[in-house]
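Geometric and topological summary
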Amino acid sequence: MQVRTNSYSRFYNTKGRLVKKSDIAKIQKAGCLTLFTLSDNAIDITVHPANKDTVFEKAKSIFKEAQVVEIDIQS
(Lines give C-alpha, C1' and ligand atoms only; values in the text may rest on other atoms or scores of the structure.)
Protein backbone atom coordinates (compact mmCIF):
# COMPACT_ATOMS: atom_id res chain seq x y z
CA MET A 1 0.00 0.00 0.00
CA GLN A 2 1.29 3.44 -0.85
CA VAL A 3 0.85 6.16 1.79
CA ARG A 4 1.32 9.79 0.79
CA THR A 5 1.79 11.83 3.93
CA ASN A 6 1.01 15.39 2.84
CA SER A 7 -0.99 17.36 0.32
CA TYR A 8 2.02 18.05 -1.90
CA SER A 9 2.75 14.37 -2.38
CA ARG A 10 -0.91 13.72 -3.16
CA PHE A 11 -1.23 16.73 -5.51
CA TYR A 12 1.98 15.97 -7.42
CA ASN A 13 1.31 12.21 -7.27
CA THR A 14 4.71 11.32 -5.79
CA LYS A 15 5.56 7.80 -4.75
CA GLY A 16 4.95 8.20 -1.03
CA ARG A 17 5.91 5.53 1.46
CA LEU A 18 5.22 1.84 0.91
CA VAL A 19 3.75 -0.11 3.83
CA LYS A 20 2.20 -3.54 4.12
CA LYS A 21 -1.42 -3.47 5.22
CA SER A 22 -0.66 -6.20 7.73
CA ASP A 23 2.08 -4.06 9.35
CA ILE A 24 -0.33 -1.33 10.49
CA ALA A 25 -1.28 -1.98 14.11
CA LYS A 26 -3.05 1.26 15.04
CA ILE A 27 -4.78 4.20 13.37
CA GLN A 28 -5.02 7.39 15.39
CA LYS A 29 -7.00 10.55 14.67
CA ALA A 30 -5.85 13.60 16.63
CA GLY A 31 -4.20 16.76 15.26
CA CYS A 32 -3.35 14.68 12.20
CA LEU A 33 -3.88 11.06 11.22
CA THR A 34 -1.18 8.67 12.34
CA LEU A 35 -0.55 5.08 11.33
CA PHE A 36 1.47 3.01 13.79
CA THR A 37 3.30 -0.08 12.59
CA LEU A 38 3.84 -3.30 14.52
CA SER A 39 7.41 -2.14 15.23
CA ASP A 40 6.09 1.14 16.77
CA ASN A 41 7.08 3.37 13.86
CA ALA A 42 4.65 6.21 13.24
CA ILE A 43 3.55 7.64 9.91
CA ASP A 44 1.86 11.04 10.24
CA ILE A 45 -0.58 11.94 7.48
CA THR A 46 -1.41 15.64 7.21
CA VAL A 47 -4.86 16.37 5.79
CA HIS A 48 -7.09 19.42 5.72
CA PRO A 49 -9.42 19.45 8.76
CA ALA A 50 -12.46 19.31 6.45
CA ASN A 51 -11.19 16.01 5.00
CA LYS A 52 -9.85 14.41 8.18
CA ASP A 53 -12.97 12.36 8.98
CA THR A 54 -13.26 11.07 5.42
CA VAL A 55 -9.61 10.01 5.27
CA PHE A 56 -9.88 8.46 8.74
CA GLU A 57 -12.90 6.39 7.68
CA LYS A 58 -11.06 5.28 4.54
CA ALA A 59 -8.02 4.26 6.62
CA LYS A 60 -10.27 2.23 8.93
CA SER A 61 -11.74 0.42 5.93
CA ILE A 62 -8.30 -0.32 4.47
CA PHE A 63 -6.58 -1.37 7.72
CA LYS A 64 -9.43 -3.43 9.17
CA GLU A 65 -7.29 -5.28 11.72
CA ALA A 66 -5.77 -2.11 13.21
CA GLN A 67 -6.74 -0.69 16.59
CA VAL A 68 -8.61 2.60 16.19
CA VAL A 69 -7.93 5.56 18.48
CA GLU A 70 -9.69 8.93 18.34
CA ILE A 71 -8.37 11.80 20.45
CA ASP A 72 -10.66 14.81 20.70
CA ILE A 73 -8.59 17.95 20.28
CA GLN A 74 -10.43 21.20 20.86
CA SER A 75 -9.29 24.26 18.91
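Residues numbered from 1 in each chain as written. Predicted model: local features only at pLDDT ≥ 70, side-chain atom pairs only at ≥ 80, totals over all residues. Heavy atoms only, no water.

1. Thoughts on the overall build of the chain
Broken down by element type, the chain carries two helices and six strands. Overall, the chain shows an N-to-C arrangement of helices and strands of β-α-β-β-β-β-α-β. For the chain, buried positions account for 29% of its 75 residues. For the chain, the computed accessible surface area is about 5,400 Å², with 50% contributed by carbon and sulfur atoms. (Helix = DSSP H or I, 4+ residues; strand = E, 2+ residues; numbered from the N terminus. Buried < 20%, exposed > 50% of the residue type's maximum accessible area, 1.4 Å probe, protein only. Areas by Shrake-Rupley, 256 points an atom, 1.4 Å probe, with all protein chains shown as cover.)

2. Remarks on the environment of Pro49
Its location among the elements puts Pro49 in the loop between β5 (42-45) and α2 (52-62). Residue classification places Pro49 among the exposed residues on the basis of a relative accessible area of 62%. Here the alpha-carbon distance between Pro49 and Cys32, two residues 17 residues apart in the chain, equals 8.4 Å.

3. Side note on unusual backbone geometry
Positioned with a positive phi, Asp40 is a non-glycine residue whose angle comes to about 65°. Looking at the element boundaries, Asp40 is found in the loop between β4 (33-37) and β5.

4. Some words on the pairing of β4
Counting buried positions along β4 gives five out of five residues, so the element sits mostly inside the fold. Taking every second residue as pointing to the same face, both faces of β4 are buried, with Leu33, Leu35 and Thr37 on one and Thr34 and Phe36 on the other. Turn length for the strand β3 (residues 24-29)-β4 hairpin, with the two strands adjacent in sequence and antiparallel, is three residues. The sheet contact formed by β4 and β5 spans four bridges and is antiparallel. Each bridged residue has a counterpart across the sheet, and for Thr34 the counterpart in β5 is Asp44. Taking the residues that link successive antiparallel strands as the turn, the β4-β5 hairpin has four residues, and the phi of Asp40 there is positive, at about 65°. (Pairing = 2+ DSSP bridges.)

5. A look at the nonpolar core
Residues Val19, Ile24, Ile27, Leu33, Leu35, Ile43, Ile45, Val47, Phe56, Ala59, Phe63 and Ala66 constitute the largest nonpolar core, which totals 12 residues. Listing elements by their share of this core, those giving two or more residues are β3, β4, β5 and α2. (Core = buried A, V, L, I, M, F, W, Y, C linked by side-chain atoms within 4.5 Å.)

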